[in-house]
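Coordinates in review
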Amino acid sequence: MEATKANTIIELTVNNHAGVMSHITGLFSRRGYNLEGIICGPVGDGSVSRMYLLVEKNARLEQMIKQLEKLYDILIVSLREDYDHTLFHRLHDLIIKEKNRAKYKEF
Amino acid sequence: MKMTGAQIIIKLLEREGIRMIAGIPGGANLPLYAALSKSKIKHILARHEQGAGFIAQGMARSTGQPAVCFATSGPGATNLMTAIADAKLDSIPIIAITGQVPTSLIGTDAFQEVDTYGMTIPITKHNFLIRNAEELLSVIPESFQLAMEGRPGPIVIDIPKDIQKQQIEIKRWPLMKKKKKKDKIDLAMIKKMTHMIQQAKKPLLYIGGGIIHSGAEKLVLELARKNSIPVTSTLMGLGAFPPDDDLFIGMLGMHGARYTNYILNEADLLLAFGVRFDDRATGNIARFCKQARIIHIDIDHSEIGKIRRSHLSLACDIAAALKYLNPLIKRQKRKEWISFLDRMKKEHPFQIPQSSDPLNPLNLIGMISRIAQGNAIITTDVGQHQMWTAQIYPFRTPRTLLTSGGLGTMGFGLPVAIGAGLANPKRQVICISGDGSFLMNIQELATLAEENLNVKTIIMNNGSLGLVRQQQEFFYDKNYMASRFITRPDFAAVAKNFGLKGIDLGKERDPEEILQKALNEKGPCLINAPIPFDQNVTPMVPPGAGNHEMIGGE
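Residues numbered from 1 in each chain as written. Chains lettered and ligands numbered in written order. Predicted model: local features only at pLDDT ≥ 70, side-chain atom pairs only at ≥ 80, totals over all residues. Heavy atoms only, no water.

A short note on the overall build of chain B
When helices and strands are counted, chain B shows 22 helices and 20 strands. Its C-alpha atoms give chain B a radius of gyration of 24 Å, near enough to 24 Å, the size a compact globule of 554 residues would have. Taken over the C-alpha atoms alone, chain B extends approximately 75 × 65 × 45 Å along its principal axes. Put simply, of all contacts in chain B between residues at least 6 apart along the chain, 76% involve residues at least 24 apart. For chain B, the accessible area works out to roughly 22400 Å², and carbon and sulfur atoms hold 53% of it. On chain B, the mean spot of the 65 positive side-chain charges and the mean spot of the 51 negative ones are 7 Å from each other. (Helix = DSSP H or I, 4+ residues; strand = E, 2+ residues; numbered from the N terminus. Rg over C-alpha atoms; globule rule 2.2 N^0.38 Å. Contact = heavy atoms within 4.5 Å. Areas by Shrake-Rupley, 256 points an atom, 1.4 Å probe, with all protein chains shown as cover. Lys, Arg positive; Asp, Glu negative; His and termini not counted. Charge placed at Lys NZ, Arg CZ, Asp CG, Glu CD.)

Some points on the packing of helix 3 (residues 49-63) of chain B against helix 4 (residues 75-89) of chain B
All names here are of chain B. Put simply, helix 3 and helix 4 touch, their axes get as near as 7 Å, and they point 30 degrees apart. As for how helix 3 packs across helix 4, the hand of that crossing is right-handed. Where helix 3 abuts helix 4, its residues Glu-49, Gln-50, Gly-53, Phe-54, Gln-57 and Arg-61 lie against Pro-75, Gly-76, Asn-79, Leu-80, Thr-82, Ala-83, Asp-86 and Ala-87. Class assignment for the residues of the contact of helix 3 with helix 4 results in five nonpolar, six polar and three charged. (Axes fitted to C-alpha atoms, helices over the stretch in contact; angles between N-to-C directions. Left-handed = near helix turned anticlockwise from the far one by under 90°. Nonpolar A, V, L, I, M, F, W, Y, C, P; charged D, E, K, R; others polar.)

Here's the deal with the pattern of salt bridges
Summed over all chains, the structure comprises 25 salt bridges over all chains. The partner of B:Asp244 in a salt bridge is B:Arg396, with the nearest N and O atoms 2.3 Å apart. You can see B:Asp244 sitting in the loop between strand 10 (231-233) and strand 11 (248-251) and its partner B:Arg396 sitting in the loop between helix 16 (384-392) and strand 16 (401-402), a full 152 residues away along the chain. On the basis of relative accessible area, B:Arg396 is assigned to the partly exposed category, the value being 45%. The network of salt bridges with common partners includes A:Lys70, B:Arg151, B:Asp300, B:Glu303 and B:Lys306. (Salt bridge = Lys/Arg side-chain N within 4 Å of Asp/Glu carboxyl O. Buried < 20%, exposed > 50% of the residue type's maximum accessible area, 1.4 Å probe, protein only.)

Structural notes on the interface of chain B and chain A
Contact with chain B, which involves 17 residues of that partner, is made by 14 residues of chain A. It is B:Ile121, B:His126 and B:His301 in chain B that bury the most area against chain A; as a group they hold 35% of the surface buried on that side. The tally of links between chain B and chain A comes to two salt bridges. Salt-bridge contacts for B:Arg309 lead to A:Glu62; the nearest nitrogen and oxygen are separated by 3.3 Å. Those elements that provide at least two residues to the side of chain B that touches chain A are strand 6 (126-129) and helix 6 (133-148) of chain B. Top contributing element to the side of chain B that touches chain A by residue count: strand 6 of chain B, with three residues. The residue makeup of the side of chain B that touches chain A, split by class, is six nonpolar, four polar and seven charged. (Buried area = accessible area lost by both parts, 1.4 Å probe.)

A closer look at the nonpolar core
Residues and elements named next belong to chain B. Ranked by size, the top nonpolar core spans 93 residues in total, and within it Leu-205, Phe-273, Ile-295, Leu-364 and Leu-515 carry the most contacts. Taken together, domain 2 (187-347) and domain 3 (361-530) each give at least three residues to this core, which thus spans both. Residues contacting Leu-364, with those up to four places away along its chain left out, are Pro-358, Leu-359, Met-460, Leu-505, Leu-515, Ala-529 and Ile-531. Judged by nonpolar contacts, the second largest core, of 48 residues, contains Phe-54, Cys-69, Ile-377 and Leu-448. (Core = buried A, V, L, I, M, F, W, Y, C linked by side-chain atoms within 4.5 Å. Domains from an automatic or database assignment.)

Some remarks on the sheet that holds strand 4 (residues 67-71) of chain B
All names here are of chain B. Pairing within the open sheet is parallel, and its six strands lie in the order 3-2-4-5-7-6. Two strands close off the open sheet at either side, each with one partner strand: strand 3 (42-45) and strand 6. With strand direction ignored, the average angle separating the axes of adjacent strands in the sheet is 20 degrees. Strand direction decides the pairing type here: strand 4 and strand 5 (residues 94-100), joined by five bridges, are parallel. The residue bridging Ala-71 from the neighbouring strand is Thr-98, located in strand 5. (Pairing = 2+ DSSP bridges.)

Some details on the packing of aromatic side chains
Residues and elements named next belong to chain B. Across all of its chains, the model carries 13 aromatic pairs over all chains by this definition. One aromatic cluster in this structure is built from Tyr-206, Phe-277 and Phe-288. Seen from the ring of Phe-533, Arg-484 lies directly overhead, with NZ or CZ sitting 4.0 Å from the centre. (Phe/Tyr/Trp six-rings, centres within 6.5 Å; stacked < 30°, edge-to-face > 60°. Lys NZ or Arg CZ within 6 Å of the ring centre and 35° of its normal.)

A short note on the domain arrangement of chain B
All names here are of chain B. In terms of domain boundaries, chain B breaks down into domain 1 (2-169), domain 2 (187-347) and domain 3 (361-530). Using only C-alpha atoms to locate each centre, domain 1 and domain 3 end up separated by 29 Å. Between domain 1 and domain 3, the residue contacts involve 24 residues of the former and 27 residues of the latter. When the two sides are added together, the surface that domain 1 and domain 3 hide from each other amounts to roughly 2000 Å², 61% of it contributed by carbon and sulfur. Among the residues of domain 1 in contact with domain 3, Arg-47, Arg-61 and Ser-62 are the three that bury the most area, contributing 30% of the side total. In this assembly, domain 1 and domain 3 are joined by two salt bridges. As a salt-bridge pair, Arg-47 and Glu-450 come within 2.5 Å of each other at their nearest N and O atoms. Taken together, the links from domain 1 to domain 3 amount to 12 residue pairs in polar contact (both at pLDDT 80 or more). The set of elements that each furnish at least two residues to the side of domain 1 that touches domain 3 consists of strand 3, helix 3 and helix 4. Element by element, the count of residues in the side of domain 1 that touches domain 3 is highest for helix 3, at 11 residues. (Polar contact = N/O pair within 3.5 Å; in protein donor to acceptor, adjacent residues only side chain to side chain.)

In C-alpha cells form, the structure reads like this:
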C-alpha cells in the first residue's frame, strides 16, 4: 500500500464504553464520509480511549469534524496535520512480532 | 431505600414533571408497567408503537417540552423507529424508553430481541443501553437535558428486563438543576452583520423551525419591522411570523407561491435564521438566491456551511443573537424593495380557485380556517392536503401547525393530534389528513375513542396518493402506476365502528354548515370530505430546478 498525500489524521478522545465505536463508524457510513483507517486504544485508567482516524483530505473534512464534535461520547476532536499518517501503512509490520515477520511476509 | 430499576425510572420521570406517557406493554417492559401502575403518571395505550411515538411527539411539538413513550423489545422497538426518525429530522425532544431482553440473553437472538441501540444510533440525538440500575440515576436526568439542550432531538434509552427488576439501595436522588449553557455571542460578528444588513439593498429573512424552538418570533418581527425586511418561512417556520403582515411573503420552496420564489431570487442578502437549507425549501441549491450574500445563524454549528457557504455566520441560539443584533439595527424604510414586493404580489399572486365549490381543497381549508378557533392546533399528514394547508392556512402563532417536515411521514397526523389534545385539553385540535395518509395509522382511532379528546379529523379524500399521482402526471408520462386506490373505505362508517362520530360532507347539502357544527361540538369527530382526484398542488418546482423555475399556478 502506498501512502497518499491526500490523507490526514483526526485524533479523538472518547469515552471508553461499548457502543462508542458504533457511533463513530455509523456517522461515517450514514453521511457517506470515507474512513481509510482506525487505530484505537485505552489511555490512562481506561475510562477514555484515544482514536486516530485516517481520512481523506477533502472539502467535506470540515463537516466531518463538526459532526464528530456533536457526538456525546466524543470529548475532544482535533485535526492532526502534523502527525505521520504513513504509520497506517506500516501497521502490519509494527504489529507482528519480529521472529514471525518472515512467516507473514506474503500478506 | 431499596428500589427496583423500574421504580427508579418512574420516580425519575415524575421528578422531570412527566404527567403522561404513551406506550404499549410487552414482555420486556412489564416491570416498567408494574411500577407505572403505582404512579400518578397517566398512561395512554396506543394501538401501535408508532402511534405511541407520535402521541409523544404531539405533546412535545405542541408544548416545546420533552415527552416520553414506552415500547417493548423487538417489534415494539422497531415499530417506534419511524416516529423517532421523524423527531430527529424535525428536532423534536422525545424520550423513548424501550424494554430489552435480559442482559444475559443479549446477543443470543433471544425472543423479541433486536439491537435497538445499534438501530437507533443514526436516528437519535443520542442513545443509551443501560448496563446496571445505578446508571439510571444519571442517564435519565441527562436524557432530559440532552433532548432539550442546543438543537433538541430524540433520545432512546434501552433497558434490559433484568435491570428493570434489579433492586438497588437509593441514598439520594440526583439534583434536578439543569445546567444551562449560556451562549457567548461574538459581538464583533454581530457588528459585521449589522453593517451588512444596513448596506444591503434587498435583504430577506428566511426563517425556519429554529425560530420556534428558540421562541424568537417576537425578536424576528421586531427586526423585520424595524429595518423593513421581508420574511419568507419554511414549512417548519410557519406560525413564527404573522401571515397578514405586509412584510410576509409566504412559504418558500417546492410549493411556494410564484411571487415568493421570484422575490427570493431578487434578494441581495439572505438572513438565514434557524434554517438548514433543506432541498424542499431551496430547490436546486446552485440556483438558489444566486445574487444573495448569506448571513446564517443556527444553534447547530454543523448546519453552518453544510449545504451553502455563508458570508457571515454564528452558531448560537437565534433569540440570544437577535437580542444583541436588534438594538444595533437602524430603522430603514426600503421603499424601492418594498414596492417591488407589492408589485410581485400583484403580478404573480397565489391562485385561489374561481369556483365556490366548498369541496374544492383550497376552499375547504379556507372554510376550516374561518371556523376554527384562533388558537386551534392544526396537525397534518403528508401529501397534497399538507401542502395546501401550508399554502393558505393562516398560522398566527408558533406551535399551531404540527407537521412532519423533514421525514415526511404519512400517518403522522392522527396520533400527533391525540398527543396535542392530551397536552392541551382546552384547545381545539384539528387533524387535516388525506385518505392515503390516514390509513397508515387508522388504528389510533381506538385510542382517540378511549381518550374522548376534542380532536377532529378531516380527511381530504381523493381516493389516491395525490402527490404521487401529481408527480406521475408531470414527470412520468401520466403513467398512474399504483397511485389510485381501487377500494375506498367509508371513513364516516369506519369512525362510527370505532365508537366515534363520523360525518361525510359528500352527502350533505350544505357542507359548510355541517362542518361548522361538527368542529364546534365537543369531543372527537371524523369528517370525510371527498375532493376531486385530479387537482394538483401548484405552483411546483420540478426536481432539479431552481425555485424560480416553477410550473403551474399562473
